[in-house]
Amino acid sequence: MIRSMWALFKKDLQSEIRTRYAINSLGMFIIVTVSVILFSLGSEKLAQNLTGGLFWVVVFFTAMSGLSRAFVSEEERGTVMTLHLIARPTVILGGKLFFNLGLIFLMNSVTFLLFSGFFETFVFKSPDIFLLVFIFGNIGIAVAATIIAAIIAKASGKATLYPVLSFPILLPLMLIVIDLTKTSLEGTTYTDAGIELSFLACYDIVMLVISYLLFDFIWKD
Amino acid sequence: MFKKFTVYILISLVSIVGISFPIVKSPEKWYEFPNIPGLEENAKIIFFHVPLSWLAVLAFLMSTYFSIRYLRKKDFTDDLKSYTSAQLGLIFCILATVTGSVWAKLAWGSFWNWDPRETSIFAILLIYGAYFALRSSLDNEEKRATLAAVYSCIAFITVPFFVFIMPRIMTGLHPGSADDSTSGPVVSFKMNMNMRVVFFVSLGAFTLLYSWLWSLGYRALLLKEKFLKSQEGLEQ
């Protein structure tokens, strides 16, 4: 099963490399957002506890503008029926999830690099904890965004609905992630951040399980 | 009919008793409520605000329950049941937010200041809003029922976190939050017997009100569907 997921992932990757639509548009999206923040700041210096929150705001909206393509593009190209024929629903969810995971890790690393470059105060006292937060947060966003994207694609690709539907689902994740980013900027320990980190891991697992359970219903018309 | 009158009598009883009985330092007579430190006279809102928030969550639970039933059996009436429950839940959720906000103005001095409890009720409002936005965007009945049911299931797993976990692990001003030592778990420790009786009667009365409204709304929706179907039949 993993192999067919991998095959689906490779197919998405190849069609992405051919057009480079998602990477180009998302890259531009990040640059535009960060430059808007820079313009609005002018010569002011951004306070340290604000940079963590702003980072996740940019991450959220980048995800919302890019991750719905995984399913919407299939509907647009009319290849849904072919996918129905060749693969089981679980395989399709897995393949799309791999692709979205790759995309979001790439995008957020770029955002992170830009933030470290432009904001002097975006320096972590405990980078190891932030790395964990970054990984768990990205996985959570990718999983929740993938299952919502499947719903959106069936609702004939209503793009404005995507952030509306995703926000309440992602809100618990975002609250914890923003809180942890703030504390890891100021410096924290594993014992202090333990409950929040384990909550993030639980969120990822619960989302993965519920996506796995419910995807069949979305996918079968 | 019987249910209607029971609800009427119980809710008027709770309103009269809850508002008129005095709050005193050391209650002796049967009609006196104890003084809860940190809440004082504002404590009376507990008879209305807490049942309303309880119903906002209960209605959501029922909506999800019928969604799951719809996904299992594909019975169209289950979708209508789920939809009715969500509609009522939204009304109760708005009422709970408004009463909570009024209380916050009196107790904390501002209508809204992103206390964990306020964040959580806001998130539930958002979930209801997203649910209705999704429903209204879909024309095909079967698709609408399935996707709304799936969304309601996904959204429901975040609710326990908002309602039960977050307000208790984060520090906040709402009675019952993590650092609250004065007015801690209000229901179990700080209320005396008569206050508890009024509180649970109120909880029961509001739940009954919900179930009456729900069956009314469900039957109305069912008739509307029937009417629309018969009209379609006439046109053909």
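The model shown is predicted, which means the values in this text are computed figures rather than measured ones.

Caption draft 1: Broad picture of empty space enclosed by the protein. Residue and element names in this part refer to chain A. If you walk through the whole model with that rule in mind, you get four cavities of 30 Å³ or more. Here the largest cavity defines a volume of roughly 50 Å³. Mapped by element, the contributors of at least two residues to the lining of the largest cavity are α4 (69-77), α7 (127-154) and α9 (190-219). Within the lining of the largest cavity, the residues separate by chemical class into seven nonpolar, no polar and three charged.

Caption draft 2: Geometry of the packing of helix α1 (residues 2-19) of chain A against helix α6 (residues 89-118) of chain A. Residues and elements named next belong to chain A. Here α1 crosses α6 at 45°, and the two axes come no closer than 8 Å. As summarised for this structure, α1 and α6 are arranged oblique, according to the angle between their axes. In the crossing of α1 with α6, the sense of the turn from one axis to the other is right-handed. In this structure, α1 uses Ser4, Met5, Leu8, Phe9, Lys11, Asp12, Leu13 and Glu16 to contact α6, whose residues at the interface are Thr90, Val91, Ile92, Gly94, Gly95, Lys96, Phe98 and Phe99.

Caption draft 3: Expanded view of the side chain of A:Thr121. Looking at the element boundaries, A:Thr121 is found in the loop between α6 and α7. The residues touching A:Thr121, leaving out its near neighbours within four places in the chain, are A:Lys45, A:Leu46, A:Ala47, A:Gln48, A:Thr51 and A:Leu185.

Caption draft 4: Broad picture of helix α2 (residues 46-73) of chain B. Taking 1.5 Å of rise per residue, the 28 residues of α2(B) would be expected to cover 40 Å, and the 40 Å separating its terminal C-alpha atoms lies within 8% of that figure. The positive-phi residue at the C-terminal boundary of α2(B) is B:Lys74, with phi of around 55°.

Reading the values: the criteria
- The residue numbering used here restarts from 1 in each chain and proceeds along that chain's sequence as written.
- Both sets of labels track the order of writing: A upward for chains, 1 upward for ligands.
- Only residues with pLDDT of at least 70 are given local features in this predicted model, and only at 80 or more are side-chain atom pairs given and counted; all residues enter the totals for whole chains, interfaces and linings.
- Processing note: side-chain calculations cover all non-hydrogen atoms of the structure and skip hydrogens and water entirely.
- Residues are called lining when one of their atoms sits within 4 Å of a cavity or pocket point, these points coming from a 1 Å grid over the protein atoms alone, where a cavity is a set in which a 1.4 Å probe fits but cannot get out and a pocket is an open set with protein on both sides within 12 Å along at least five of seven lines.
- Grid points are joined across faces, edges and corners, and a volume is the space filled by probe spheres set on the points.
- Here a helix means four or more residues in a row that DSSP labels H or I, a strand means two or more in a row labelled E, and each is numbered from the N terminus.
- We call Asp, Glu, Lys and Arg charged. Ala, Val, Leu, Ile, Met, Phe, Trp, Tyr, Cys and Pro are nonpolar, and the rest, Gly among them, are polar.
- As a rule, the C-alpha atoms of each element are fitted with a line to give its axis, helices using only the stretch in contact, and angles between N-to-C directions run from 0 to 180 degrees.
- Here the word oblique covers every angle except those under 35 degrees (roughly parallel), over 145 (roughly antiparallel) and from 65 to 115 (roughly perpendicular).
- Handedness of each helix crossing follows the sense of rotation of the near helix against the far helix: counterclockwise by less than a right angle gives left-handed, clockwise gives right-handed.
- Note on contacts: a residue pair is in contact if any heavy atoms of the two residues lie within 4.5 Å.
- To estimate the expected span of a helix, subtract one from its residue number and multiply by 1.5 Å.

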